[in-house]
Amino acid sequence: MRVAVGSDHAGFDLKEVLKSELAAWGHDVADHGTLEPGVAVDYPDFGEAVGRAVAGGLAELGVCVCGTGNGIAMAANKVPGVRAAVVHDVTTATLARRHNHANVVCVGARTTGTTVVVDALAAFLGAPEEHGRHDVRIAKLAGLDRELVPTPAEGTP
Ligand code: RB5
């Protein structure tokens, strides 16, 4: 699987660990930054970059890390087509895939231990997307993307 990864400074070290794990599991990893450990940066820039990579088809999955996972998830979710989920453990990761068809997984380097995150990511990758009743809800999320993005006419003064 092609996986886009990104983090801010708070998530840098965990991003590096996850890159190694993903590569060891046979995935093709693209790092969208930050590439400068110890330099404070803004998480929206990296959530956007990962979100655009996934929504644009460059990657099938995104993995984002910041201090809590929250800020970078908020940024990724602004990109239409992205379904970013903050996960804290195997259960939240598994359900994010099974029920929410998450295509970006976000974790907190300051909130969740490295081993727990690695286990959660492995569980996410191994979980199947469930369909049936969930498909209606995924379609509604896609509908929100279309409905809430201004049309060119609306954006023109
Ligand atoms: C950076 O200090 C921190 O605010 C950020 O990594 C993240 O936790 C925001 O959601």
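Look up a bit, the structure's there.
Residues numbered from 1 in each chain as written. Predicted model: local features only at pLDDT ≥ 70, side-chain atom pairs only at ≥ 80, totals over all residues. Heavy atoms only, no water.

Peer 1: Explain the packing of helix 1 (residues 12-24) against helix 5 (residues 114-126) to me, please; I cannot follow it from the model alone.
Peer 2: Two quantities define a packed helix pair, namely the angle between the axes and the distance from one axis to the other. With their axes 11 Å apart at the nearest point, helix 1 and helix 5 run at an angle of 40° to one another. Accordingly, the angle class assigned to the pair helix 1 and helix 5 is oblique. For the pair helix 1 and helix 5, the crossing hand works out as right-handed. Here helix 1 contributes Leu14, Val17, Leu18, Glu21 and Leu22 to the contact with helix 5, which in turn contributes Thr114, Val117, Val118, Leu121 and Leu125. Its residues placed into classes, the contact of helix 1 with helix 5 shows eight nonpolar, one polar and one charged. (Axes fitted to C-alpha atoms, helices over the stretch in contact; angles between N-to-C directions. Helix = DSSP H or I, 4+ residues; strand = E, 2+ residues; numbered from the N terminus. Parallel < 35°, antiparallel > 145°, perpendicular 65-115°, else oblique. Left-handed = near helix turned anticlockwise from the far one by under 90°. Contact = heavy atoms within 4.5 Å. Nonpolar A, V, L, I, M, F, W, Y, C, P; charged D, E, K, R; others polar.)

Peer 1: Looking at this structure, I do not really get helix 6 (residues 133-148). What am I missing?
Peer 2: Side chains that are three or four residues apart share a direction in an α-helix, a result of its 3.6 residues per turn. The end-to-end C-alpha distance of helix 6 is 23 Å, a good match for the 22 Å that 16 residues give at a rise of 1.5 Å each. Taken residue by residue, helix 6 has His134, Ile138 and Gly143 as its buried positions. On its buried face, helix 6 sits against helix 4 (90-98). (Expected span 1.5 Å × (residues − 1). Buried < 20%, exposed > 50% of the residue type's maximum accessible area, 1.4 Å probe, protein only.)

Peer 1: Would you mind going over the site of the ligand with me for this structure?
Peer 2: As a structural note, the neighbourhood of the ligand is formed by Asp8, His9, Ala10, Tyr43, Cys66, Gly67, Thr68, Gly71 and Arg110. Within the backbone of Thr68, an N or O atom sits 3.1 Å from an oxygen atom of the ligand. The backbone of Gly71 places a nitrogen or oxygen atom 3.0 Å from an oxygen atom of the ligand. Expressed as a share of its isolated accessible area of 300 Å², the protein-covered part of the ligand is 72%. Considered class by class, the residues forming the shell around the ligand number three nonpolar, four polar and two charged. (Near = heavy atom within 4 Å. Polar contact = N/O pair within 3.5 Å; in protein donor to acceptor, adjacent residues only side chain to side chain. Areas by Shrake-Rupley, 256 points an atom, 1.4 Å probe, with all protein chains shown as cover.)

Peer 1: Can you help me understand the packing of helix 4 against helix 5 in this one?
Peer 2: At a minimum axis separation of 8 Å, helix 4 and helix 5 run at an interaxial angle of 25°. Between helix 4 and helix 5, the interaxial angle falls into the category roughly parallel. You can see that helix 4 and helix 5 cross each other, and the crossing is right-handed. Counting all contacts with helix 4, which are made through Val90, Ala93, Thr94, Ala96 and Arg97, the residues of helix 5 involved are Asp119, Ala120, Ala123, Phe124 and Leu125.

Peer 1: What is the right way to look at the side chain of His101 in this model?
Peer 2: Within the secondary structure, His101 is located in the loop between helix 4 and strand 5 (104-108). Of the residues examined, His101 reaches a relative accessible area of 4% and is grouped as buried. Not counting chain neighbours up to four residues away, the residues in contact with His101 comprise Arg83, Ala96, Glu129, Glu130, His131, His134, Asp135 and Ile138.

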